[in-house]
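# Understanding the architecture of this molecule
The residues making up each chain are set out below.
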Amino acid sequence: MSDRKPIVGGNWKMNTNRAESAELARGVVDGLRDVTNVDVAVFPPYPYLLAVRAILRERSSSLRLGAQDVYHKPDGAYTGEVSTEMLRDCGVEIVLCGHSERRHVLGESDAVVNLKLRAIVDSGMEAVLCVGETLDERIAGHTDPVIQRQVRAGLADVTGDHVSSVTIAYEPVWAIGTGKTATPDDAQSVHANIRRLIAGMYGQDTAERMRIMYGGSVKPSNAAELFKAPDVDGGLIGGASLKVGEFVPIVRAAMAAARGQV
Ligand code: PEP
């Protein structure tokens with residue numbers, strides 16, 4: 001890992017109920033009190049954002065509140081959708097966009113992902129742009145062009161000033177929720193390519209500062225090896241973020257990697 005501050009996010013997806021989300025938030029906050037050299041964010045379902053925010057505040061936690069998605073329009077007749085201002089009003093600081101489940105289950109295109117990303121950074125929040133190839137794309141040898149297309153399209157019309165509010169999450173679709181993980185070498189190779197692409201688009205300094213997280217079946221048993229890779233700046237965690245006993249050790253692995261202890 002480099003001198004970029006790692007970031008680890010817990011994407012709770014459509015899981016937990018009100019009591020469980022509160023218990024999980026308390027457990028994560030209490031388990032990570034001493035962690036200062038890693039940015040940690042939790043992404044609860046919308047209905048529990050305010051309850052989780054209250055827990056973070058009452059415990060003076062530095063954990064950041066995230067949202068799993070947003071709609072790009074500011075307001076109006078968009079039944080079921082949520083705007084950036086609504087999220088900000090709930091204390092959200094960071095928002096996922098282009099998660100593979102949004103792309104592949106809910107049919108979001110690169111163009112929609114770009115609209116959302118621009119709405120997020122225009123509103124002053126940070127965006128996590130998720131990209132990743134499917135198994136068929138990987139087998140066909142198309143990983144790099146797919147990732148390049150998703151990064152370029154996701155960042156279309158995003159200025160150099162605003163791109164500093166973007167983190168990229170490389171999440172191979174075949175590794176999400178499947179128990180299969182990219183090897184540290186595979187992850188490193190894709191992350192390095194993304195960084196080269198960002199350097200070509202925004203310059204070397206911006207590329208050096210950009211954090212690129214890995215996501216896809218990260219567990220306490222594989223986190224240290226993945227986070228040791230020089231271009232892997234932390235992780236976006238799904239299943240394992242629902243258990244305090246798994247999420248906390250994963251964050252600690254990022255902390256150790258940042259200190260060069262692994
Ligand atoms: C995710 O949803 O972003 C994810 C990486 O899930 P999992 O860790 O369960 O593979």
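Helix and strand content of the chain: 12 helices and eight strands. Over its C-alpha trace the chain gives a radius of gyration of 17 Å, about what one expects of a compact globule, namely 18 Å for 262 residues. With the C-alpha coordinates of the chain rotated into their principal frame, the extents come out at 50 × 45 × 35 Å. Contacts in the chain between residues far apart in sequence, at least 24 positions, make up 75% of those at least 6 positions apart. Accessible surface for the chain amounts to roughly 11300 Å². Of this, 50% is attributable to carbon and sulfur atoms. Charge separation in the chain, taken as the distance between the mean sites of 29 positive and 33 negative side-chain charges, equals 3 Å.

Taken in spatial order, the eight strands close into a barrel running S1-S2-S3-S4-S5-S6-S7-S8, and their pairing is parallel. Neighbour-to-neighbour, the strand axes of this sheet turn through a mean angle of 25 degrees, independent of strand direction. Note: strand S1 (residues 7-11) against strand S2 (residues 39-43), five bridges, orientation parallel. Each residue of the ladder has a partner; that of Gly10, found in S2, is Val42. Against the sheet, helix H7 (residues 143-154) makes contact with strand S5 (126-131) and strand S6 (166-170), and its axis sits at roughly 155 degrees relative to S5, the strand it touches most. Running at roughly 150 degrees to strand S7 (residues 212-215), helix H9 (residues 184-202) makes contact with S5, S6 and S7 of the sheet.

Along its 13 residues, helix H5 (residues 110-122) runs 18 Å from first to last C-alpha, staying within 8% of the 18 Å computed at 1.5 Å per residue. Residues of H5 that are buried include every one of Asp110, Val113, Asn114, Lys116, Leu117, Ala119, Ile120 and Val121, and no others. Once H5 finishes, Gly124 follows within two positions and takes phi at roughly 95 degrees, a positive value.

When two helices pack together, you describe them by how their axes are tilted relative to each other and by the distance separating the axes. Interhelical geometry of helix H1 (residues 18-31) versus helix H2 (residues 49-58) gives an angle of 30 degrees and a closest axis separation of 9 Å. As far as their axial angle goes, H2 and H1 are roughly parallel. Viewed along their axes, H1 and H2 form a crossing whose handedness is right-handed. Contacts between H1 and H2 involve Ser21, Ala22, Ala25, Arg26 and Val29 on the former and, on the latter, Val52, Ile55, Leu56 and Glu58.

Right, let's talk about the side chain of Asp69 for a bit. Here Asp69 is to be found in the loop between strand S3 (64-67) and helix H3 (84-89). Only 3.0 Å separates the side chain of Asp69 from the side chain of Lys116, close enough to count as a polar contact.

With respect to the secondary-structure elements, Ala22 resides in helix H1. By relative accessible area, Ala22 is classed as buried at 13%. Put simply, Ala22 and Ala51 are 29 residues apart on the chain and 6.8 Å apart in space, counted from C-alpha to C-alpha.

As a matter of local geometry, the ligand sits amid 14 residues, with Lys13, Glu171, Gly177, Ser217 and Gly239 nearest to it. At 2.6 Å from an oxygen atom of the ligand is found a side-chain nitrogen or oxygen belonging to Glu171. Contact distances for the ligand include 2.6 Å between an oxygen atom and a backbone N or O atom of Gly177. In terms of residue class, the shell around the ligand is built from four nonpolar, eight polar and two charged.

A few words on the side chain of Asn222. Summarising the element assignment, Asn222 is placed in helix H11 (residues 220-228). In this structure Asn222 comes out as buried when scored by relative accessible area, which is 14%. Ignoring sequence-local partners within four residues, the contact set of Asn222 consists of Thr181 and Ser217.

Rules of the game
Residues numbered from 1 in each chain as written. Predicted model: local features only at pLDDT ≥ 70, side-chain atom pairs only at ≥ 80, totals over all residues. Heavy atoms only, no water. Helix = DSSP H or I, 4+ residues; strand = E, 2+ residues; numbered from the N terminus. Rg over C-alpha atoms; globule rule 2.2 N^0.38 Å. Contact = heavy atoms within 4.5 Å. Areas by Shrake-Rupley, 256 points an atom, 1.4 Å probe, with all protein chains shown as cover. Lys, Arg positive; Asp, Glu negative; His and termini not counted. Charge placed at Lys NZ, Arg CZ, Asp CG, Glu CD. Pairing = 2+ DSSP bridges. Axes fitted to C-alpha atoms, helices over the stretch in contact; angles between N-to-C directions. Expected span 1.5 Å × (residues − 1). Buried < 20%, exposed > 50% of the residue type's maximum accessible area, 1.4 Å probe, protein only. Parallel < 35°, antiparallel > 145°, perpendicular 65-115°, else oblique. Left-handed = near helix turned anticlockwise from the far one by under 90°. Polar contact = N/O pair within 3.5 Å; in protein donor to acceptor, adjacent residues only side chain to side chain. Near = heavy atom within 4 Å. Nonpolar A, V, L, I, M, F, W, Y, C, P; charged D, E, K, R; others polar.

The values reported here are purely geometric and, on their own, carry no functional implication.
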